[in-house]
Amino acid sequence: DTDTDTNTDTFTSIASSPAATDPSNAFHAIMINDHDVGGVLLESQMAPGLYLRIQDELSLWEDELWVNDRGHNANTGDMVYGNYNGVPYKMKRVSSLVPLATLTPLTPLVVGENENEEKEGKGQDGKVFERTIINESLSWTLGDRYRTVEEYDSKMKDIGGISTSYRPKKT
């Protein structure tokens, strides 16, 4: 069993996932390079005038999405964001949207057992969708409707708290 936290080979990292034992059973996308160094050269939105070399790799299975995105200072090569070991963010599917009905202009919209229940959304084709939880252990990540304040605080403490924060520049 490969330790993907120290693995710098993205394909090997993907292949070692228990949920993704067959890397060929997924959609994979790699950002096309547009200059000699690799990645796409873009001006930073956070620091105008600074150019970043952006590299993205995506892998999508039925129940997982892996994103390995990195940004490097185009002049110095220093990493600005991403995983230094090349390990992708690994997101597991928590829920699916399941169509409840197809509406016509004469179809009354009835969702849930009472008028106060929320519908999850109406697609362009007139279908109404319901969220179905498929990974109960991660349902707390879906928002306040799916967790208590105490559960959220406990889960965030377990994972080390919020990993990023917004720090606007002082004017």
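Residues numbered from 1 in each chain as written. Predicted model: local features only at pLDDT ≥ 70, side-chain atom pairs only at ≥ 80, totals over all residues. Heavy atoms only, no water.

Details of the overall build of the protein
Of the regular secondary structure elements, the protein holds two helices and nine strands. Secondary structure elements of the protein occur, N-terminal to C-terminal, as α-β-β-β-β-β-β-β-β-β-α. Counting only residues that meet the buried cut, the protein has 27% of its 171 residues in that class. Partitioning the contacts of the protein with sequence separation of at least 6, the portion at a separation of at least 24 is 43%. (Helix = DSSP H or I, 4+ residues; strand = E, 2+ residues; numbered from the N terminus. Buried < 20%, exposed > 50% of the residue type's maximum accessible area, 1.4 Å probe, protein only. Contact = heavy atoms within 4.5 Å.)

A closer look at the environment of glutamate 64
Turning to its location among the elements, glutamate 64 is positioned in strand β4 (residues 64-73). Expressed as a C-alpha distance, the spacing of glutamate 64 and lysine 90, which sit 26 residues apart in the sequence, is 7.1 Å. Here tryptophan 66 takes part through its side chain, which lies 2.5 Å from a polar atom of the side chain of glutamate 64. (Polar contact = N/O pair within 3.5 Å; in protein donor to acceptor, adjacent residues only side chain to side chain.)

Concerning the confidence of the model for the protein
On average, residues of the protein score 74 in pLDDT, and 63% of them are at 70 or above. Note on residues 1-16: pLDDT is under 50 here. Beyond four places in sequence and across chains, it has 31 contacts. (pLDDT = per-residue confidence, 0-100.)

Quick look at the environment of lysine 92
Locating lysine 92 in the fold gives a position in strand β6 (residues 89-92). Remark: the alpha-carbon pair of lysine 92 and leucine 138, spanning 46 residues in sequence, is separated by 8.5 Å. Excluding its chain neighbours within four sequence positions, the residues that come into contact with lysine 92 are Asp63, Glu64, Asn135 and Leu138.

Structural notes on the environment of leucine 65
Structurally, the position occupied by leucine 65 is in strand β4. Classification of leucine 65 by relative accessible area gives partly exposed; the value is 32%. In sequence terms leucine 65 and phenylalanine 27 are 38 residues apart; their C-alpha atoms lie 9.6 Å from each other. If near-sequence neighbours (up to four positions away) are discounted, leucine 65 is found in contact with Ser59, Leu60, Tyr89, Lys90 and Met91.

A closer look at the pattern of salt bridges
Enumeration over the complete set of coordinates arrives at three salt bridges. For glutamate 57, the salt bridge identified is with arginine 70, shortest N-O distance 3.3 Å. Of this pair, glutamate 57 sits in strand β3 (residues 51-60) while arginine 70 sits in strand β4; the two residues are 13 residues apart in sequence, bridging distant segments of the chain. In this structure, glutamate 57 and arginine 70 share a single accessibility class: buried. For aspartate 144, the salt bridge identified is with arginine 147, shortest N-O distance 3.3 Å. Take aspartate 144: its relative accessible area is 64%, and that puts it in the exposed class. (Salt bridge = Lys/Arg side-chain N within 4 Å of Asp/Glu carboxyl O.)

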